[in-house]
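Structure at a glance
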Amino acid sequence: MEDDEEERMAQVRLRLHKPMVPMSYEVPRSLAMPLVADMKLVKNGFLTKSPAKIPLDKIVEDYLASLPKATAEEQENHSFADLSTRFIVDFFNEWLGSGLLYETERSHYNLQIKQAKKAKVIEDSENDSVNFRASGHYGLIHLLRLFSKLPDFLELDSQYQVELLNKWVTKFAEFLESNLNRYYDPLADYEPKITKEELIEIVNSRV
């Protein structure tokens, strides 16, 4: 399993250096609103809690479990969703540290890496972040940040692959929309603790 994961990560890195077909994706409005709120909260000194109450690994597990597998077509769709999800999770783990954090979040991110190394979760002394599984520590908000940046981060081999990935992202986004209240609670997901009144004031501000 470790070899398989390292091979997938190598494929992610390889794709970042090949001339490929650009991807386009627009985050649905219902998911874009938490992103806007997130930006305003961070600018006002609030930070997402990490480890998240429900990390990306658990969200992905729930999503795959929600897919039907009764018919051959459904099994094929489930296999495709599983492969696509693994790719995005690997991409998330590869890019979170360098592309999905605000500057104010970086010190806590580095602290978690040091703690993981001290606990011997990480054995690679040359690059501590390689084996730090961000998807086990960060949740919905950082996933949405990734979705919003996919066109900037990701280019694929062909238009066909772009269409396939767009299809998967759309389906996954529909699942997130349906379960948004389960995976996102701005009153509980940030620190220091924020009141409902403060949240409304910040979200409605022009900052």
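Residues numbered from 1 in each chain as written. Predicted model: local features only at pLDDT ≥ 70, side-chain atom pairs only at ≥ 80, totals over all residues. Heavy atoms only, no water.

- As recorded in an unreviewed UniProt entry, the protein chain goes by the name MRG domain-containing protein, listed as coming from Caenorhabditis briggsae.
- The Subcellular location (unreviewed entry) comment attached to the protein chain in UniProt states, word for word, "Nucleus". (UniProt positions renumbered as here; feature names shortened; annotations may be inferred.)

What to know about the side chain of Asp38
- Within the fold, Asp38 resides in helix α2 (residues 29–43).
- Exposure remark for Asp38: the relative accessible area of 1% places this residue in the buried category.
- When sequence neighbours within four positions are dropped, the list of residues in contact with Asp38 reads Thr48, Tyr102, Ile141, Arg145 and Tyr190. (Helix = DSSP H or I, 4+ residues; strand = E, 2+ residues; numbered from the N terminus. Buried < 20%, exposed > 50% of the residue type's maximum accessible area, 1.4 Å probe, protein only. Contact = heavy atoms within 4.5 Å.)

Quick notes on the packing of α2 against helix α9 (residues 196–204)
- The contact between α2 and α9 brings their axes to 9 Å, and the two run at 105°. In terms of their interaxial angle, α2 and α9 are classed as roughly perpendicular. Each of Ala37, Lys40 and Leu41 in α2 lies in contact with α9, whose residues at this interface are Leu199, Ile202, Val203 and Asn204.
- In terms of residue class, the contact of α2 with α9 is made up of five nonpolar, one polar and one charged. (Axes fitted to C-alpha atoms, helices over the stretch in contact; angles between N-to-C directions. Parallel < 35°, antiparallel > 145°, perpendicular 65-115°, else oblique. Nonpolar A, V, L, I, M, F, W, Y, C, P; charged D, E, K, R; others polar.)

Quick word on the pattern of salt bridges
- Per the stated rule, a full pass over the model turns up seven salt bridges.
- Of the charged contacts in the structure, one is a salt bridge between Lys58 and Glu61, with a shortest N-O distance of 3.8 Å. With Lys58 and Glu61 both in helix α3 (residues 56–66) and three residues apart, the pair spans about one turn of that helix.
- When its relative accessible area of 32% is taken as the criterion, Lys58 is described as partly exposed.
- Its salt-bridge partner being Asp62, residue Lys58 comes within 3.1 Å of it at the nearest N-O pair. Remark: Asp62 and Lys58 occur in helix α3; sequence separation between them is four residues, near one turn of the helix.
- Residue Asp62 is classed as buried on the basis of its relative accessible area, which comes to 12%.
- Through salt bridges that share partners, Lys58, Glu61, Asp62 and Arg182 make up one connected network. (Salt bridge = Lys/Arg side-chain N within 4 Å of Asp/Glu carboxyl O.)

A look at the side chain of Thr48
- Note on placement: Thr48 falls in strand β2 (residues 47–48).
- For Thr48, the side chain forms a polar contact with the side chain of Glu105, separated by 3.1 Å.
- Not counting chain neighbours up to four residues away, the residues in contact with Thr48 comprise Asp38, Glu105, Ile141, His142, Arg145, Asp189 and Tyr190. (Polar contact = N/O pair within 3.5 Å; in protein donor to acceptor, adjacent residues only side chain to side chain.)

A closer look at the confidence of the model for the protein chain
- Chain-level pLDDT for the protein chain is 81 on average; 78% of the residues reach the 70-or-more range.
- The weakest mean pLDDT in the protein chain belongs to helix α1 (residues 2–15) at 50; the strongest belongs to helix α8 (residues 180–183) at 95.
- Across residues 12–19, where pLDDT falls below 50, the model places 17 contacts with residues more than four positions away in sequence or in other chains. (pLDDT = per-residue confidence, 0-100.)

What about the environment of Leu143?
- Residue placement: Leu143 occurs in helix α6 (residues 140–153).
- Look at Leu143 and you get buried, because its relative accessible area is 0%.
- Put simply, Leu143 and Leu96 are 47 residues apart on the chain and 9.2 Å apart in space, counted from C-alpha to C-alpha.
- When residues no more than four places from it in sequence are discounted, the contact partners of Leu143 are Leu56, Phe92, Phe172 and Leu176.

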